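# Notes for the structure review
Given next are the chains, with one letter for each unit.
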There are 2 protein chains.
Amino acid sequence: MKRHVLIYGLIGGVLIVVLKWTEYRFLVFEHSIEIYGGLIAGTFAVLGIWLGLKLTGTRERIVVKEVPVPAGEPFVPDESMREGLGITPREMEILGLIATGLSNREIADRLFVSENTVKTHSSRLFDKLGAKRRTQAVQIGKTARLIP
Amino acid sequence: MKRHVLIYGLIGGVLIVVLKWTEYRFLVFEHSIEIYGGLIAGTFAVLGIWLGLKLTGTRERIVVKEVPVPAGEPFVPDESMREGLGITPREMEILGLIATGLSNREIADRLFVSENTVKTHSSRLFDKLGAKRRTQAVQIGKTARLIP
DNA sequence: TGCAAAATCACCCAAAAGGGTGACGACAAC
DNA sequence: GTTGTCGTCACCCTTTTGGGTGATTTTGCA
């Protein structure tokens, strides 16, 4: 996003030069004020549109939607299943955080450990679950009742 | 969407008249070319930004509010939610396959399309869901009742 | 029947994820 | 005390993902 502002400033600088040139070229010597005005109007309109488009990259409208959710048991992780697979508590923790859609970096920050640590944990976790990807690990963990 | 362009043109026409007026009012009699140019530049930049803002469709960001409901139903994907987010059927299909833990390559093979196609589908899907990762997309899709 | 949306694919680049290996301290069990 | 598990971290290398851009074809609907 900072790049855009920079580019905008640069283009602005170039424009000043161009406009200064056109000023003496068309205005002073031929006095064609209409061309000058049109030029400025056109370029700035285009520039404005572009800026506006760039600026609205993150414009979102919040829509609150009520969603029915199955009420009932608050879910308890299957401890015996966890033990059976030889998954350590820490690995379970990582699995839960993976399931919420966090990246390794974010998990590392949340648990105050290094990203490498998270990676070894998840690596061993995937191995124990027989998963090749984190999405698969989540899927398996879900069917195994390790996570809700 | 076309209305905006029309309005833009109309305003442009009005502006030309106004500018013509200011030209004789301020420019010819006082020769303040800088003010004239600045005026045009400013107005058109603002106009352009406004147009750009109008042109970009507002993106909807779902905020799910969970409401407890008697559990038991075999799950039906929330069509209104899908439409509301502007997610296409094909993208839904990809979301479902992602949720099962498949890689892009595997999804591509299953749907008989190229991996690139799957990537663009998932890319747009993540954009619409406001997800940065596939695991997050799955999580969001789940809470939005798009997938079981 | 013509336009807009959807679906398809390619290419490049950067970031994230995953695999493999090795290492070190803490702690419990034996 | 030795052994084993657990949690921690590093480094390297490959694969996977994701972002961005651009283009073409299909198709559904006005």
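### Here we look at the overall build of chain A
Within chain A, the regular secondary structure consists of 7 helices and 1 strand. For chain A, the succession of helices and strands along the chain, N to C, is α-α-β-α-α-α-α-α. A separation threshold of at least 6 residues defines the contact pool for chain A, and within that pool the share at least 24 residues apart is 59%. Accessible area for chain A stands at about 9,000 Å²; split by element, carbon and sulfur atoms hold 64% of it.

### Re the protein's contact with DNA strand C
Neighbouring DNA strand C are 19 residues, the closest being Arg134(A), Thr88(B), Arg90(B), Ser114(B) and His121(B). Looking at DNA strand C alone, sugar and phosphate atoms form 67% of those within 4 Å of the protein. Note that a phosphate oxygen of DNA strand C is positioned 3.4 Å from one of the side-chain N or O atoms of Asn116(B). Here a phosphate oxygen of DNA strand C and a side-chain polar atom of His121(B) are 2.8 Å apart. Residue assignment for the surface near DNA strand C shows that the elements contributing at least two residues are helix H6 (115-129) of chain A together with helix H4 (89-99) and helix H6 (115-129) of chain B. At 5 residues, the largest contribution of residues to the surface near DNA strand C is made by H6(B).

### Overview of helix H7 (residues 134-143) of chain B
By the burial criterion, the buried members of H7(B) are Arg134(B), Thr135(B), Ala137(B), Val138(B), Ile140(B) and Gly141(B). Immediately downstream of H7(B), the backbone of Arg145(B) shows phi near 60°, a positive value.

### Some words on the nonpolar core
With 24 residues, the main nonpolar core has Ile87(B), Ile94(B), Leu95(B), Ile107(B), Leu129(B) and Leu146(B) as its most contacted residues. Residue assignment for this core shows that the elements contributing at least two residues are helix H3 (79-85), H4, helix H5 (104-111), H6 and H7 of chain B. By residue number, the principal contributor to this core is H4(B), which donates 6 residues. Once residues lying within four places of it in the same chain are set aside, the contact partners of Leu95(B) are Leu125(B), Leu129(B), Ala137(B), Val138(B), Gly141(B), Leu146(B) and Ile147(B). One finds Met92(A), Ile98(A), Val118(A) and Ala144(A) within the second-largest nonpolar core, a separate group that totals 21 residues.

### Remarks on the side chain of Asn104(B)
Along the chain, Asn104(B) falls in helix H5. If sequence neighbours within four positions are ignored, Asn104(B) has contacts with Glu115(B), Val118(B), Lys119(B), Ser122(B) and Arg134(B).

### Quick look at the confidence of the model for chain A
Residues shown with low pLDDT carry predicted positions that ought not to be read at fine detail. Residues and elements named next belong to chain A. Of all residues in chain A, 51% have pLDDT values of 70 or greater, and the mean over the chain is 76. Here residues 1-7 scores under 50 on pLDDT; set against residues more than four positions off or in separate chains, the count is 4 contacts. In this model residues 54-61 is a low-confidence stretch, pLDDT under 50, and it forms 15 contacts with partners more than four residues away in sequence or in other chains.

### Regarding the pattern of salt bridges
Side-chain pairs of opposite charge can arise whenever the charged atoms involved come near each other. Residue and element names in this part refer to chain A. Counted according to the given criterion, the structure contains 14 salt bridges over all chains. Taking the shortest distance from any N to any O, the salt bridge between arginine 82 and glutamate 83 comes out at 3.5 Å. Here glutamate 83 falls in the exposed class, since its relative accessible area comes to 55%. Measuring nitrogen to oxygen at the nearest pair gives 3.0 Å for the salt bridge that ties arginine 90 to glutamate 93. Pair noted here: arginine 90 and glutamate 93 are both in helix H4 (residues 89-99), with a separation of 3 residues, about one helical turn. Taken together, the salt bridges that share partners define one network made up of Glu79, Arg82 and Glu83.

### Overview of the protein's contact with DNA strand D
Around DNA strand D there are 19 residues in total, and Thr88(A), Arg90(A), Ser114(A), Thr117(A) and Arg134(B) lie nearest to it. The share of sugar and phosphate among atoms of DNA strand D within 4 Å of the protein is 69%. In the environment of DNA strand D, a base oxygen lies 3.0 Å from a nitrogen or oxygen atom belonging to the side chain of Lys119(B). Contributing elements (two or more residues each) for the surface near DNA strand D: H4 and H6 of chain A together with H6 of chain B. Examining the composition of the surface near DNA strand D, we find that 5 residues originate from one element, H6(A), more than from any other. When grouped by side-chain class, the residues that make up the surface near DNA strand D number 3 nonpolar, 9 polar and 7 charged.

Cut-off values and rules
Residues numbered from 1 in each chain as written. Chains lettered and ligands numbered in written order. Predicted model: local features only at pLDDT ≥ 70, side-chain atom pairs only at ≥ 80, totals over all residues. Heavy atoms only, no water. Helix = DSSP H or I, 4+ residues; strand = E, 2+ residues; numbered from the N terminus. Contact = heavy atoms within 4.5 Å. Areas by Shrake-Rupley, 256 points an atom, 1.4 Å probe, with all protein chains shown as cover. Near = heavy atom within 4 Å. Polar contact = N/O pair within 3.5 Å; in protein donor to acceptor, adjacent residues only side chain to side chain. Buried < 20%, exposed > 50% of the residue type's maximum accessible area, 1.4 Å probe, protein only. Core = buried A, V, L, I, M, F, W, Y, C linked by side-chain atoms within 4.5 Å. pLDDT = per-residue confidence, 0-100. Salt bridge = Lys/Arg side-chain N within 4 Å of Asp/Glu carboxyl O. Nonpolar A, V, L, I, M, F, W, Y, C, P; charged D, E, K, R; others polar.

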